Amino acid sequence: MPSMVPIGSARNGDPLVIRVIGEKEYEVGLVSHDQLWGNPDLEAGRAYVRVTSSLEEFLVRSAEGMYLPIDYYAAKDLAEVRASIAANLASP
């Protein structure tokens, strides 16, 4: 099971985390504080959405002023757009 290390928070309080997927594999994402506070038995991974595929990508986007979602819901919208683009590129 992936583990998460908190590294900050979004403006609204959503925890910003590094999610360790495997040995030397990790990504950066946000956890919905709304979902966690509303359901104390909820596993944090169920309220998680990826922001970037690596810490390096997150740091470059931050340093260069590139788009980063401001909270869990914006990150979720971005993930849906990315999935839609990937699906369209995969179809003939």
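Definitions and cut-offs
- Residues numbered from 1 in each chain as written.
- Predicted model: local features only at pLDDT ≥ 70, side-chain atom pairs only at ≥ 80, totals over all residues.
- Heavy atoms only, no water.
- Pairing = 2+ DSSP bridges.
- Helix = DSSP H or I, 4+ residues; strand = E, 2+ residues; numbered from the N terminus.
- Axes fitted to C-alpha atoms, helices over the stretch in contact; angles between N-to-C directions.
- Contact = heavy atoms within 4.5 Å.
- Salt bridge = Lys/Arg side-chain N within 4 Å of Asp/Glu carboxyl O.
- Patch = residues over 30% accessible without salt bridge, like charges linked within 9 Å, V, L, I, M, F, W, Y side chains within 5 Å.
- Areas by Shrake-Rupley, 256 points an atom, 1.4 Å probe, with all protein chains shown as cover.
- Buried < 20%, exposed > 50% of the residue type's maximum accessible area, 1.4 Å probe, protein only.

Colleague: Give me the sheet that holds strand β2 (residues 15-22): which residues, what numbers.
Modeller: The 4 strands lie next to each other as β1-β2-β3-β4, forming an open sheet whose pairing is antiparallel. Because the sheet does not close on itself, it has two edges, and the strands there are β1 (3-9) and β4 (48-52). Sheet twist, expressed as the mean angle between neighbouring strand axes with direction ignored, is 40°. Sitting on the sheet, helix α2 (residues 55-64) touches β2, β3 (25-31) and β4, and the angle it makes with β3 is about 55°. The strands that helix α3 (residues 72-90) touches are β3 and β4; relative to β4, the one it contacts most, it runs at about 70°.

Colleague: Which residues make up the pattern of salt bridges, and what values do they have?
Modeller: All told, the structure shown has 2 salt bridges when counted by the stated rule. A salt bridge links R19 to E27, with the nearest nitrogen and oxygen atoms 3.7 Å apart. A salt bridge links E57 to R61; the nearest nitrogen and oxygen atoms lie 3.2 Å apart. Of this pair, E57 and R61 both sit in helix α2, 4 residues apart, roughly one helical turn.

Colleague: Lay out a nonpolar patch on the surface in plain terms, naming residues and giving numbers.
Modeller: Nonpolar side chains collect at one region of the surface, where V5, I7 and V20 lie side by side and expose about 210 Å² of accessible area between them. Its location among the elements puts V5 in strand β1.

Colleague: Account for the pairing of β3, with residues named and values stated.
Modeller: Counting buried positions along β3 yields 5 of 7 residues, so the element is predominantly enclosed. By the bridge criterion, 6 bridges tie β2 to β3 in an arrangement that is antiparallel. Considered in β3, the bridge of L16 is made with L30. Count of turn residues in the β2/β3 antiparallel hairpin: 2 residues, of which K24 carries a positive phi of about 65°. Strand direction decides the pairing type here: β3 and β4, joined by 4 bridges, are antiparallel. In the strand pairing of β4, G29 is matched with R50.

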